[in-house]
Amino acid sequence: MSEPITPGRLHPEQADPEDWPTGRQLRRLTRDATEAHTGGSFMEAIAEVYSVLFSMVIALAVALGAVQALNATLSTGPEQATLDPTWLSIVATLIVVGGIIGLAARLGPIGMGGGRATWWLTAPADRRGLLRPRFVLVPVLGGSVGAAGGALALFLADGTGTQILWGVGAFAAGGALLAMATTAGQVLRGNRKERRVRPAVLIGDLLMAAGPVVGIAVALLRPPAPQVQNFTAWPVLVAILAGLAVVLVWWAERNLEKIAGRELRARGAVSAYAGGAVTSMDTRELGRALSVVTAPDSRRRSASFPWVRGPVSAIVTGDATVFWRSPRHVIQVFVAASLGLLPVLAGWPIWLNLASLVVGGYLAAMATGEGARRAEMAPVLDRHFPISAFDVRKARAIVPLTVMILWCVPIFGLWGAAHGHLVGWLIFGLLCAPTFAAGVIRAAYRKPPDWNKPLVNGPAGPVAPGVMLAFARGPDLVVLALIPLVIAAIAIGPVPILMMLQLSTSALGFFVATRVKDETKPSWMEQAQAEQERQQREKARRKGGR
Amino acid sequence: MPKRKSSTPPLVRASSVSVGYGSTIDSAVCPPISVDLPAGGGLAIVGSNGTGKSTFLRAAAGLLDLLGGSIQVLGRPVDERTQQFRAQVAVVLDEDSYLPALTVREHLLLTARGHGMSEVTARVNEAIEEFGLTARQNAAPTALSSGQRRRLLLAAAFVRPRTLLVLDEPEQRLDSGMRDRLAERLKLERSQGGGVVMATHDPVLVREVASKVVVLAEDEVRVVSAEAGAQAIEAL
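On a predicted model such as this, the values are computed, not experimentally measured, just so you know. (Residues numbered from 1 in each chain as written. Chains lettered and ligands numbered in written order. Predicted model: local features only at pLDDT ≥ 70, side-chain atom pairs only at ≥ 80, totals over all residues. Heavy atoms only, no water.)

### Re the overall build of chain A
Helix and strand counts for chain A stand at 23 helices and three strands. The contacts of chain A with a sequence gap of at least 6 include a subset with a gap of at least 24, amounting to 83%. (Helix = DSSP H or I, 4+ residues; strand = E, 2+ residues; numbered from the N terminus. Contact = heavy atoms within 4.5 Å.)

Structure follows, in structure tokens:
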């Protein structure tokens, strides 16, 4: 008969519980080990920032040079605002509040992912100590985003100095309160089963979507604006919001241990994914991170896709379904529309209108490229159909192109209504749509930076060399291919010659974005970079040998 | 009497192929590989971890540049970008490749319809049943277990037309019943004239499916019979 097994015999070197590391010690040990792996030069990252800015400056210089050569005068934009500033601030507030709630709920706010979840959650250290840094960040980040949003909202509402100051305070306290309320939801949920759609995510997304809807409705119906200027109870509001936030901070900190390990891992996986995407400046990964579903999927019916005949319609149907079934992406298109529309309605200077239009257009296009981004992540998806690589990319551009045509028509129509030349601007919008689609396809298929090279230790943590160049791939094409639009907007208007030019640059951009080079062969830039690295190694070797 | 040379090119012809993840021949993970696979043949690549099985498969699927030598698939140098290659070669690698918004059934429907097949519904139903996904056919891939996701990827490869199947450790995450059914399915594939190239650690799959086996090691490459290959796995 075998002897009974005692824990002491199985683990003869088991430490005394008093010798167990605290959560804080475990955190420090991990941080020190991570930092030991960096070694790249920070100047490499600076050089990349320079390259990115340089391409944007070139685009602007070309546009301004063309304006000067044509001896045209710079446009000043629409003279009158069509939307009351107070309504503008309300729209901004809805978007900011929705954004805070949605983001906080998607990211946890409390979570622990990746290696930390594996090593820390199984350690006998106190969880309050392990979670405290993340916990402290929650009200700070919520407050910061709230303050920034508040400053924007009060600025839009033409608030006075004191009003802006109190408003920022109220928004900051409100932001912290919202973030802490989401944390409290995590604590209260305890060990209960997760729902398919988290209520806070739904509330956040609905509020964000309500922003542009309210903006457009108000612009069309012109109801009288609420009188925010007469509001005098700012100090009381700030005190109430801040007081509630402090109470929630105190309560949640004492109850951090109640958050289930499953919840910490699930939220941590999402936030680690998103954090990695932010530090590596990879918008593709950020989108994927925010789309991660951690709850069990409820059974749904399958569509039969009877209209699909052949590879192109299969790819387009797949991409369209991916877009349509992701409310976050549909909402992103609407929010991006508000970015393009509101500055025009507010009668802001032309350069602000233009910047908002380009940024809004690119944001909207980004929402439509999930199919391409997925295919880049899992290349087999592209190689699955009997169609060449070049044709696959063209097919993957169809959904972004269609959505962007639908996006550009109302936005450029409104632009035309505000600036004059309605038909001309509508045509310009149609010609710009392929550029936005091309930008998002180029961004989706960009090569990720090489994380095997020595990392660069930046303020947000170690990053791979090449992240900025990867980040710029996509926006660079949009900026350069929209030079005719810039010239038309700031000086000449939608004249036929610029339309022809826009047609040419859009076609060229589309060709560049859908071109497929042999990915197994290094590009000339990669070859040049490899040669530079070889020379640096040689130089270092000579120095060491001396 | 000397053997007469067949005029039909082999499905796969690897000539002194060196593979690895560096840029020079020094970074090759194994000695050069030379092997032919005729139509209706089954080639298994076996060896311990890190000897280059998956790397060779990626090169054969056109996803990795060769460090030396050449590979021809269906009589042409590998270029996975072409329509012809994609139409005839079905690849299942060790990665989760799916669109999270589509259900299991929708993935298979789109694949079959995308290849312009007829009687799509019947084919998809058959594949779903064959790979044990009937109860989960309306679920999104994110709601499946890792083994079920593996079944989905294999089903997607079988629901479409192909001449050559490239499989990276197809037995991974499958239960023993499913492994047996997969072996039967791959035998049927061969009997119908299709080719199978697979990296595997499963001696049963090698005995059932392979007609020849490449045994990879750090310092040598051997091309042996199915039985000898299965024994090589068992000896690892």
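### Points about the nonpolar core
In this structure, W407(A), F428(A) and L485(A) are the most contacted members of the largest nonpolar core, which totals 69 residues. Broken down by element, this core gets its largest block of residues, 11 residues, from helix 18 (residues 422–444) of chain A. (Core = buried A, V, L, I, M, F, W, Y, C linked by side-chain atoms within 4.5 Å. Buried < 20%, exposed > 50% of the residue type's maximum accessible area, 1.4 Å probe, protein only.)

### Notes on the sheet that holds strand 8 (residues 195–199) of chain B
What links the strands of a sheet is backbone hydrogen bonding, and the strands pair in either a parallel or an antiparallel sense. Residue and element names in this part refer to chain B. Pairing is mixed across the open sheet formed by six strands, whose spatial order is 6-7-8-3-9-10. In the strand order of this sheet, the two ends are held by strand 6 (89–92) and strand 10 (221–224), each with one partner. Pairs of neighbouring strands in the sheet enclose a mean axial angle of 15 degrees, with direction left out of account. Bridge analysis of strand 7 (residues 164–168) against strand 8 gives five bridges, and the strand direction is parallel. (Pairing = 2+ DSSP bridges. Axes fitted to C-alpha atoms, helices over the stretch in contact; angles between N-to-C directions.)

### Structural notes on unusual backbone geometry
Located in the positive-phi region is H421(A), a residue other than glycine, with phi close to 60 degrees. Position of H421(A) relative to the elements: it lies in the loop between helix 17 (398–419) and helix 18.

### Comments concerning helix 17 of chain A
Turn by turn, an α-helix covers 3.6 residues, leaving residues three or four places apart pointing in a common direction. Residue and element names in this part refer to chain A. With 22 residues, helix 17 should cover 32 Å at 1.5 Å per step; its first-to-last C-alpha distance of 30 Å lies within 8% of that length. Among all positions in helix 17, only V399, P400, V403, M404, W407, C408, I411, F412, G413, W415 and G416 are buried. Directly beyond the C-terminal end of helix 17, a positive phi value near 90 degrees is found at G420. (Expected span 1.5 Å × (residues − 1).)

### Let's talk about the packing of aromatic side chains
Residues and elements named next belong to chain A. Tallying each qualifying case throughout the model produces five aromatic pairs over all chains. Ring centres of F305 and W307 lie 5.8 Å apart, and the angle between their planes is 80 degrees; on these two criteria the pair is classed as edge-to-face. Ring geometry for W407 versus F436: centroids 6.4 Å apart, planes at 70 degrees, classification edge-to-face. Here the residue W407 occupies a position in helix 17, and F436 occupies one in helix 18, the gap between them amounting to 29 residues. Looking at W407, the relative accessible area reads 4%, which means it is buried. Three or more aromatic residues joined by ring pairs make a cluster, and in this case those are W415, W425 and F428. In this structure, R393 packs its charged tip against the face of Y445, placed 4.0 Å from the ring centre. (Phe/Tyr/Trp six-rings, centres within 6.5 Å; stacked < 30°, edge-to-face > 60°. Lys NZ or Arg CZ within 6 Å of the ring centre and 35° of its normal.)

### Remarks on helix 4 (residues 120–130) of chain B
Residue and element names in this part refer to chain B. Listed in full, the buried residues belonging to helix 4 are V120, V124, A127 and I128. Looking down the long axis of helix 4, one finds its buried residues gathered within 100 degrees of arc, a one-sided arrangement. Exposed positions of helix 4 whose direction lies more than 90 degrees from the buried face are E126 and E129. Summarising the contacts, the buried residues of helix 4 are in contact with helix 3 (104–114) and helix 5 (146–158). Following helix 4 by one or two positions, G132 adopts a phi angle in the positive range, close to 65 degrees. (Arc of directions from axis to C-beta.)

### Overview of the pairing of strand 10 of chain B
All names here are of chain B. Summarising the sheet, strand 9 (residues 212–216) and strand 10 pair through four bridges and their orientation is antiparallel. Residue L216 lies in a different strand from strand 10, and its bridge partner there is V221. Hairpin connection from strand 9 to strand 10: four residues lie between these consecutive antiparallel strands.

### Things to note about the pairing of strand 1 (residues 12–18) of chain B
Residues and elements named next belong to chain B. Bridge count for strand 1 against strand 2 (residues 33–37) is four bridges, and the pairing is antiparallel. Among the inter-strand pairings, V17 is bridged to a residue of strand 2, identified as I33. By the bridge criterion, five bridges tie strand 1 to strand 4 (residues 68–73) in an arrangement that is antiparallel. Among the inter-strand pairings, S15 is bridged to a residue of strand 4, identified as S70.

### Observations concerning the interface of chain A and chain B
With 38 residues of chain A at the contact, the number on the chain B side is 38 residues. The junction of chain A with chain B conceals about 3200 Å² of combined surface from both sides, 58% of it contributed by carbon and sulfur atoms. Its largest share of buried area at the contact with chain B, chain A owes to R383(A), H384(A) and P386(A), together 19% of the area lost on that side. Put simply, chain A and chain B have two salt bridges between them. Residues R325(A) and E106(B) are paired through a salt bridge, measuring 2.7 Å at the closest nitrogen-oxygen approach. Sorting the residues of the side of chain A that touches chain B by element identifies helix 12 (311–324) and helix 16 (389–396) of chain A as the ones contributing at least two each. In terms of residue count, the dominant contributor to the side of chain A that touches chain B is helix 12 of chain A (six residues). Here the residues of the side of chain A that touches chain B are counted per class, giving 17 nonpolar, nine polar and 12 charged. (Buried area = accessible area lost by both parts, 1.4 Å probe. Salt bridge = Lys/Arg side-chain N within 4 Å of Asp/Glu carboxyl O. Nonpolar A, V, L, I, M, F, W, Y, C, P; charged D, E, K, R; others polar.)

### Some words on the packing of helix 17 of chain A against helix 18 of chain A
Residues and elements named next belong to chain A. Following both chains from N to C, one finds helix 17 and helix 18 inclined at 145 degrees, their axes separated by 7 Å at the closest point. Like other packed secondary-structure pairs, helix 17 and helix 18 cross with a definite hand, here right-handed. Residue classes in the contact of helix 17 with helix 18 are distributed as 21 nonpolar, four polar and no charged. (Left-handed = near helix turned anticlockwise from the far one by under 90°.)

### Some remarks on empty space enclosed by the protein
As enumerated under the stated definition, the model contains four cavities of 30 Å³ or more in all. Quantified by volume, the largest cavity comes out at close to 290 Å³. Together, 22 residues line the largest cavity, and L381(A), H384(A), S97(B), H107(B) and T111(B) are the ones closest to its centre. Listed by contribution, the elements that provide at least two residues to the lining of the largest cavity are helix 12 of chain A together with strand 6, helix 3 and helix 5 of chain B. At four residues, helix 5 of chain B tops the list of elements feeding residues into the lining of the largest cavity. Among the residues making up the lining of the largest cavity, the classes are represented as 15 nonpolar, five polar and two charged. One number sums up the size of the second largest cavity: a volume of about 80 Å³. Around the second largest cavity, the lining residues are V380(A), R383(A), H384(A), A61(B), E80(B), F85(B), R86(B), V89(B), A90(B), V91(B) and R160(B). Where the lining of the second largest cavity is concerned, the elements lending two or more residues are helix 2 (83–88) and strand 6 of chain B. (1 Å grid on protein atoms, 1.4 Å probe; cavity = no way out; pocket = protein on both sides within 12 Å on 5 of 7 lines; lining within 4 Å. Points joined across faces, edges and corners; volume = space filled by probe spheres on them.)

### A few points about the sheet that holds strand 4 of chain B
One open sheet holds the four strands; their spatial order is 2-1-4-5 (chain B), and the pairing between them is antiparallel. Of all the strands in the sheet, the pair left with one neighbour each is strand 2 and strand 5 (76–77) of chain B.

### Here we look at the confidence of the model for chain B
Summary statistics for chain B give a mean pLDDT of 90 and a share of 97% for residues scoring 70 or more. For residues 1–5 of chain B, every residue scores under 50 in pLDDT, and the model assigns this stretch zero contacts once sequence neighbours within four places are set aside. (pLDDT = per-residue confidence, 0-100.)

### Some words on a nonpolar patch on the surface
All names here are of chain A. On the surface, F390, L508, F511 and V512 cluster together into a nonpolar patch covering about 350 Å² of accessible area. The greatest single-element share of the nonpolar patch, amounting to three residues, is contributed by helix 22 (residues 496–514). You can call F390 partly exposed: its relative accessible area is 32%. (Patch = residues over 30% accessible without salt bridge, like charges linked within 9 Å, V, L, I, M, F, W, Y side chains within 5 Å. Areas by Shrake-Rupley, 256 points an atom, 1.4 Å probe, with all protein chains shown as cover.)

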